[in-house]
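Structural features, examined
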Amino acid sequence: MSEISKKLKAIVEQEAKLQAQKDSVRREAIETANNLIAVFGLKPSELNFSGKVAPAPVKKEKEKKPRAKVAPKYRLESGETWTGRGRMPVAFAKALEAQPGLTIDAFLINKPAEPAPAA
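1. Some points on the overall build of the chain
Counting its secondary structure elements, the chain contains two helices and two strands. Taking all 119 residues of the chain together, the buried fraction comes to 8%. Considering only contacts in the chain between residues 6 or more positions apart, those separated by 24 or more positions represent 24%. On the chain, roughly 11700 Å² of surface is accessible, and the fraction owed to carbon and sulfur atoms is 57%.

2. Quick word on the packing of aromatic side chains
Under the counting rule described, the total for this entry stands at three aromatic pairs. Ring centres of tryptophan 82 and phenylalanine 92 lie 5.7 Å apart, and the angle between their planes is 50°; on these two criteria the pair is classed as tilted. With a gap of 10 residues between them, tryptophan 82 in strand S2 (residues 81-82) and phenylalanine 92 in helix H2 (residues 90-98) connect regions that are remote in the sequence. Among the aromatic side chains, those forming a connected cluster through ring pairs are Tyr74, Trp82, Phe92 and Phe107.

3. Looking at a nonpolar patch on the surface
A contiguous nonpolar patch, built from Leu36, Val39, Phe40, Leu42 and Leu47 and spanning about 490 Å² of accessible area, is present on the exposed surface. In this structure, phenylalanine 40 sits in helix H1 (residues 3-40).

Rules behind the numbers
- Residues numbered from 1 in each chain as written.
- Predicted model: local features only at pLDDT ≥ 70, side-chain atom pairs only at ≥ 80, totals over all residues.
- Heavy atoms only, no water.
- Helix = DSSP H or I, 4+ residues; strand = E, 2+ residues; numbered from the N terminus.
- Buried < 20%, exposed > 50% of the residue type's maximum accessible area, 1.4 Å probe, protein only.
- Contact = heavy atoms within 4.5 Å.
- Areas by Shrake-Rupley, 256 points an atom, 1.4 Å probe, with all protein chains shown as cover.
- Phe/Tyr/Trp six-rings, centres within 6.5 Å; stacked < 30°, edge-to-face > 60°.
- Patch = residues over 30% accessible without salt bridge, like charges linked within 9 Å, V, L, I, M, F, W, Y side chains within 5 Å.
- Salt bridge = Lys/Arg side-chain N within 4 Å of Asp/Glu carboxyl O.

Put into structure tokens, the structure is as follows:
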């Protein structure tokens, strides 16, 4: 048997298994519906069933909004940057730990201008 024939046979077998599973689930759904009809004594007129099958609802995928890039606010001497958002990167935490008394403001990229000394 050729490679293609083997693949085709495997696909046909998978389709048969899936159809059997689908039929089994369908039988269970029918049995459940019949049990509910019997338990509640429902009449055909109460079910609003016209005999037409309603299409399954289609779920729409949410559109992903593009996120704007955020410019880095802090930079280490090694060149590593951080926007200042989210959790502080380990490299920044280690740099602060290595130099007691230093604050994160020491790593600001655009440092505020220092006031001119009073004359």
